[in-house]
Amino acid sequence: MVLGTNQYEHRQFKGLIEYLRPGDVMVINDSKVIKARLHAVKDSGGKAEILVERVEAECEALCQVAVSKPLKSERTLDCCGQTVKVVSREGEFYRLRFDRPVFEFLEEFGSVPLPPYVRRRARESDEERYQTVYANKPGAVAAPTAGLHFDDEFLAQIEAKGVEICRVTLHVGAGTFQPVRVNDLSEHVMHQERFEIPDDTVARLSNSPTRVIAVGTTVVRTLESWAQDGLTSGETRLFITPGFKFRVVDALVTNFHLPESTLLMLVSAFYGRERMLAAYEEAVLQGYRFYSYGDAMFMERQRV
């Protein structure tokens, strides 16, 4: 769906190229989804499910652990015959120590952490489908799903039109699926995600491109975090809500998001709340598919 000022166009995704201009810079998120979900058994015999939120050291990670009772330090979990040790409790997470490098452990024993609304176990095909073609930096537990619509051939066509493609990395955390549960948005605690912007991307964005087009809300948060504090790497908790003053991103490719989500608030800030709600009503009428494996929209930022 292409969102105009007060009208919509319904196109196949590759029709996006007709809305791009020579001199545009398209920014993609090259984060790679890791096989972050593990099934385990507690040393007391009960079942546990581990979801790695972020890798903190070679053999340590912060994880969500679904168990019947909270775990104490020094407890152990058995995962496919391998021992995982509880180091400490840190807020909603546990710090776990693995008996080998975490990425190596997950690759051998883990499964793709599909979104919670996909009510089935991950299949082998998800290891490829739930990954962008340009993913190359492991660390995400959820895919930057706007990028799932692109293939290598289409990216080459975009570049041939004179659009430059630049990369950033933001490792999407499981918090991206958490709804906003407060009435006062200032009380919402935004999840924290790690990002990095390469020097060549910074240089290109600083050189007055025609438009900056973000592929996904993760790219928006990365670039607007950089605009706010000047940091090209670190952690971001940027919560974008209506009234936010965008400084970098001019246009956005994104999927249709969950109700009451921070992502829906971001796109409402970008396009205008009432206009975005009307666009979602149109999408429902037209039978668009929502969420991670769903359809996409393209919009330019509402100018105030």
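Everything numeric in this text was worked out from a predicted model, so none of it was measured. (Residues numbered from 1 in each chain as written. Predicted model: local features only at pLDDT ≥ 70, side-chain atom pairs only at ≥ 80, totals over all residues. Heavy atoms only, no water.)

Draft legend 1. Inspection of the pattern of salt bridges at higher detail. What the rule picks out here adds up to 26 salt bridges. Residue arginine 97 pairs with glutamate 60 through a salt bridge whose shortest N-O separation is 2.7 Å. Within this pair, whereas arginine 97 is found in strand β10 (residues 93-97), its partner glutamate 60 is found in strand β7 (residues 60-66), the two being separated by 37 residues in sequence. Exposure remark for arginine 97: the relative accessible area of 36% places this residue in the partly exposed category. We classify glutamate 60 as buried; its relative accessible area is 15%. Arginine 221 serves as the salt-bridge partner of glutamate 193, at 2.3 Å between the closest nitrogen and oxygen. A residue pair is termed long-range when its members are at least 10 positions apart, and glutamate 193 in strand β13 (residues 193-196) and arginine 221 in helix α5 (residues 217-229) qualify at 28 residues. (Salt bridge = Lys/Arg side-chain N within 4 Å of Asp/Glu carboxyl O. Helix = DSSP H or I, 4+ residues; strand = E, 2+ residues; numbered from the N terminus. Buried < 20%, exposed > 50% of the residue type's maximum accessible area, 1.4 Å probe, protein only.)

Draft legend 2. Structural view of the packing of aromatic side chains. In the structure shown here, the tally under the stated rule is 14 aromatic pairs. Summarising the aromatic geometry, the rings of phenylalanine 246 and phenylalanine 270 are spaced 5.1 Å apart at their centres and angled 85° between planes, so their arrangement reads as edge-to-face. Within this pair, whereas phenylalanine 246 is found in the loop between β15 (233-236) and β16 (251-255), its partner phenylalanine 270 is found in helix α6 (residues 262-271), the two being separated by 24 residues in sequence. An identical accessibility class is assigned to phenylalanine 246 and phenylalanine 270; each is buried. An aromatic cluster is defined as three or more aromatic residues linked by ring pairs; in this entry it consists of Phe256, Tyr280, Tyr288, Phe290 and Tyr291. Directly above the aromatic system of tyrosine 293 lies the positively charged group of arginine 129, at a separation of 4.2 Å from the ring centroid. (Phe/Tyr/Trp six-rings, centres within 6.5 Å; stacked < 30°, edge-to-face > 60°. Lys NZ or Arg CZ within 6 Å of the ring centre and 35° of its normal.)

Draft legend 3. View of the nonpolar core. Core analysis: the largest hydrophobic core is formed by 48 residues, its most contacted members being Leu223 and Met276. Mapped by element, the contributors of at least two residues to this core are β3 (25-29), β12 (164-170), α4 (199-205), β14 (212-215), α5, α6, α7 (273-286) and β17 (296-300). Beyond its immediate stretch of four places on either side in the chain, methionine 276 contacts Leu3, Leu264, Val267, Ser268, Tyr271, Met297 and Met299. By size, the runner-up hydrophobic cluster in this structure holds 26 residues, among which are Ala36, Ile50, Ala61 and Leu77. (Core = buried A, V, L, I, M, F, W, Y, C linked by side-chain atoms within 4.5 Å. Contact = heavy atoms within 4.5 Å.)

Draft legend 4. Just the environment of valine 52, in detail. For valine 52, the location among the structural elements is in strand β6 (residues 47-57). Given the relative accessible area of 0%, valine 52 is considered buried. In this structure the C-alpha to C-alpha distance between valine 52 and tyrosine 8, which are 44 residues apart in sequence, comes to 40 Å. Once residues lying within four places of it in the same chain are set aside, the contact partners of valine 52 are Ile34, Ala36, Ala61, Leu62, Cys63, Phe98, Leu106 and Val141.

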